[in-house]
Amino acid sequence: MADKQATLSYRDKSIDLPVLEGSVGPEVIDIRKLYAQTGAFTYDPGYKSTGSCESALTYIDGDEGILLHRGYPIGQLAEQSSFMEVSYLLLNGELPSKSQLDEFTHTISRHTMVHEQLATFYRGFRRDAHPMAIMCGVVGALSAFYHDSADISDPEQRKIASHRLVAKMPTIAAMAYKYSVGQPFLYPDNSLSYTGNFLRMTFGVPAEPYEVVPAVEKAMDRIFILHADHEQNASTSTVRLAGSSGANPFACIAAGIACLWGPAHGGANEAALNMLREIGTPDKIPHYIERAKDKNDPFRLMGFGHRVYKNYDPRATVMQQTVREVFDALKVNDPLFETALRLEELALKDDYFIEKKLFPNVDFYSGVILSAIGFPTTMFTALFALARTVGWVAQWNEMISDPAQVIGRPRQLYTGPTQRDYVPIDQR
Ligand code: SDX
């Protein structure tokens, strides 16, 4: 019994509702018995005030700009860890020992190949198909290939499915890119790191050896870390809701990919770079800031604003620092970075953005880096999906292994017609 209570007065009743405390962050008012006790639902479209689950994976403090994975700050993980180590942490709850990390990395590397039959799926797409359309289709199709990891009540099968998903996403994403440029698929090379393998499968060609540039590999690995998990965002909630019915794990991740694609969510990284290209030079920025503030103009600053962060997204800080590292490593420069820096500077001085607490988010600078590395904008969200798969899988496992979990089934405020009788067509 929770020792804290909230009291709700509703009509002629006074209802005591338990207040639950987490290890950190806002308390929650447990309304699970509200409908039974009052006959009324809560109402929260967009879930701005709703906690959908209990989780021990990721904590975000939007006011302070804090992001922790299993308690470790994202800045420390980005600086000192690796995507494989962060994946282990998210899936298992603790940082691995050296031998545990080596074993995990070896296991993942042994699942990087996809069934040869899966390659034929790509041939069904037009060459100009958006990589996210391909990712939705091909990842969903994985549910037809792995019947030995479909019994989600078996922890071992959940573990194998999890490893397969984390391992195969780089291969599937790289194949989507290769297909779009008409180049042959490359098989994984397990002598490379997870991220190095992905870079080679993406940019390598059979005709010559591919040298992984360490600084680019490090930057890409850090970008994967920054995208790994993020509490109960829209796509993670989609994976949880799909998984709550007992659906095939591969199909659940495909549902997450579909949700992530939207420009309000993971699709914002592609939209942000396209926006910077449309703005072009810094002298055009004031015009676009005025457009973003104009309620009659659908234009928004893409890569700006966040449902939770009302402070600087800590991932954007790391991302901005990474731009310079990649530019130095590749000896490139992109004037759009200066445009992005100037846009941020002017927006953060503008009362509209200050009052609405709109700051750059993870998607604002990532496109500048990915473009410098050589990815087309259409691949940006596919890279987000690649990295977020471990978060989706960890959240799905956390839900499925909870004995108390039930199918998610929200209710509604009905405002349609009340009951009426059918009218035959010759009487209408
Ligand atoms: C991600 O949830 C997550 O954790 C997501 C994510 C993850 O890791 O999973 O962090 C990844 O999706 C980051 C967000 C990427 N999306 C974008 O960058 C798209 C641009 N941003 C917005 O569309 C918006 O900020 C959202 C969708 C991100 C958040 O929207 P909310 O929380 O529903 O807030 P809102 O749309 O109600 O905006 C509040 C106000 C509105 O004005 P008013 O109606 O109050 O007058 O701020 C305005 C909005 O018009 N506003 C913006 C704006 N974002 C919000 N105005 C101009 N430009 C913007 N970018």
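Small disclaimer: the values here were computed from a predicted structure and weren't measured.

Asker: Just give me the short version of the overall build of the protein chain, but keep the residues and values in it.
Answerer: What the protein chain contains, in helices and strands, is 18 helices and six strands. Its C-alpha atoms give the protein chain a radius of gyration of 23 Å, within 12% of the compact-globule value 22 Å for 428 residues. Principal-axis analysis of the C-alpha atoms places the extent of the protein chain at approximately 75 × 65 × 55 Å. In the protein chain, buried positions account for 49% of the 428 residues. Expressed as a percentage of contacts within the protein chain between residues at least 6 apart in sequence, the contacts between residues at least 24 apart total 69%. Carbon together with sulfur atoms contributes 53% to the accessible area of the protein chain, which is approximately 21600 Å² in total. On the protein chain, the mean spot of the 41 positive side-chain charges and the mean spot of the 50 negative ones are 5 Å from each other.

Asker: Outline the side chain of Ser-162, listing residues and values.
Answerer: Relative to the elements of secondary structure, Ser-162 occurs in helix H7 (residues 155–181). There is a polar contact of 2.6 Å between the side chain of Ser-162 and the backbone oxygen of Arg-158. Not counting chain neighbours up to four residues away, the residues in contact with Ser-162 comprise Val-393, Trp-396 and Asn-397.

Asker: Mind laying out the UniProt feature "transmembrane region" (unreviewed entry) in the protein chain, listing which residues take part and the relevant values?
Answerer: UniProt annotation of "transmembrane region" (unreviewed entry) refers to residues 364–387 when read in the numbering used here. Along residues 364–387 the backbone is 75% helical and 0% strand, and the end-to-end C-alpha distance reaches 17 Å.

Asker: If you had to explain the pairing of strand E2 (residues 13–20) to someone new, which residues and values would you point to?
Answerer: Note that strand E1 (residues 4–10) and E2 share seven bridges and pair antiparallel. Bridge assignment links Ser-9 to a residue of E2, and that residue is Ser-14. Linkage of E1 to E2, two consecutive antiparallel strands, is achieved through a turn of two residues, within which Arg-11 is found at a positive phi near 50°. Of the strand pairs in this sheet, E2 and strand E3 (residues 28–29) are connected by two bridges, and their pairing is antiparallel. Bridging from a neighbouring strand, Val-19 pairs with Ile-29 of E3.

Asker: Give me the lowdown on the packing of aromatic side chains, citing residues and values where you can.
Answerer: In this structure the tally under the stated criterion is 20 aromatic pairs. Aromatic side chains Phe-304 and Phe-353 sit 5.8 Å apart centroid to centroid with 75° between the ring planes, which places their arrangement in the edge-to-face category. Placement of the pair is Phe-304 in the loop between helix H13 (285–293) and helix H14 (314–330) and Phe-353 in helix H16 (residues 351–355), with a sequence separation of 49 residues. The exposure class assigned to Phe-304 is buried, which follows from its relative accessible area of 11%.

Asker: Tell me about the domain arrangement of the protein chain, and name the residues and values.
Answerer: Each domain of the protein chain was delimited in the assignment, giving domain 1 (4–51) and domain 2 (74–405). Each of domain 1 and domain 2 has a C-alpha centre, and the two are 35 Å apart.

Asker: How would you sum up the sheet that holds E2? Please name residues and give values.
Answerer: The antiparallel open sheet is built from three strands, whose spatial order is E1-E2-E3. A strand with exactly one partner marks an edge of an open sheet, and here the two such strands are E1 and E3.

Asker: Could you give me a rundown of the site of the ligand, with the residues and numbers involved?
Answerer: Lining the immediate environment of the ligand, one finds 25 residues, of which His-230, Leu-301, His-306, Arg-307 and Arg-315 sit closest. Within the contact set of the ligand, an oxygen atom lies 2.6 Å away from a side-chain nitrogen or oxygen of His-230. At a separation of 2.8 Å, an oxygen atom of the ligand approaches a polar side-chain atom of Arg-300. Contact with the protein chains removes 79% of the 1000 Å² of surface that the ligand exposes when unbound. In the shell around the ligand, the residues fall into ten nonpolar, seven polar and eight charged.

Asker: Before we move on, can you summarise the pattern of salt bridges with the specific residues and values?
Answerer: Any two side chains of opposite charge can pair, on the condition that their charged atoms come close. Per the counting criterion, the structure on display carries 15 salt bridges. Measuring nitrogen to oxygen at the nearest pair gives 2.3 Å for the salt bridge that ties Lys-4 to Glu-27. Pair noted here: Lys-4 is in strand E1 and Glu-27 is in the loop between E2 and E3, with a separation of 23 residues, a long-range link. Between Asp-283 and Lys-284 there is a salt bridge, with the nearest N and O atoms lying 3.8 Å from each other. On the basis of relative accessibility, which here comes to 57%, the residue Asp-283 falls in the exposed class. Residue class for Lys-284 comes out partly exposed when judged on its relative accessible area of 40%. Taken together, the salt bridges that share partners define one network made up of Lys-4, Glu-21 and Glu-27.

Asker: Give a description of helix H18 (residues 380–400) that names residues and reports values.
Answerer: With 21 residues, H18 should reach 30 Å at 1.5 Å per residue; the first-to-last C-alpha distance of 30 Å fits that figure. Where H18 bends most, the angle comes to about 40°, and this point is Arg-388. When you tally the buried positions in H18, you get 21 out of 21 residues, the bulk of the element.

Asker: Quick rundown of the side chain of Thr-236? Include the residues and the values.
Answerer: Residue position: Thr-236 is located in helix H10 (residues 234–243). A relative accessible area of 0% places Thr-236 in the buried class.

Rules and cut-offs
- Residues numbered from 1 in each chain as written.
- Predicted model: local features only at pLDDT ≥ 70, side-chain atom pairs only at ≥ 80, totals over all residues.
- Heavy atoms only, no water.
- Helix = DSSP H or I, 4+ residues; strand = E, 2+ residues; numbered from the N terminus.
- Rg over C-alpha atoms; globule rule 2.2 N^0.38 Å.
- Buried < 20%, exposed > 50% of the residue type's maximum accessible area, 1.4 Å probe, protein only.
- Contact = heavy atoms within 4.5 Å.
- Areas by Shrake-Rupley, 256 points an atom, 1.4 Å probe, with all protein chains shown as cover.
- Lys, Arg positive; Asp, Glu negative; His and termini not counted.
- Charge placed at Lys NZ, Arg CZ, Asp CG, Glu CD.
- Polar contact = N/O pair within 3.5 Å; in protein donor to acceptor, adjacent residues only side chain to side chain.
- UniProt positions renumbered as here; feature names shortened; annotations may be inferred.
- Pairing = 2+ DSSP bridges.
- Phe/Tyr/Trp six-rings, centres within 6.5 Å; stacked < 30°, edge-to-face > 60°.
- Domains from an automatic or database assignment.
- Near = heavy atom within 4 Å.
- Nonpolar A, V, L, I, M, F, W, Y, C, P; charged D, E, K, R; others polar.
- Salt bridge = Lys/Arg side-chain N within 4 Å of Asp/Glu carboxyl O.
- Expected span 1.5 Å × (residues − 1).
- Bend = angle between axes of the 7 residues up to and from the residue.

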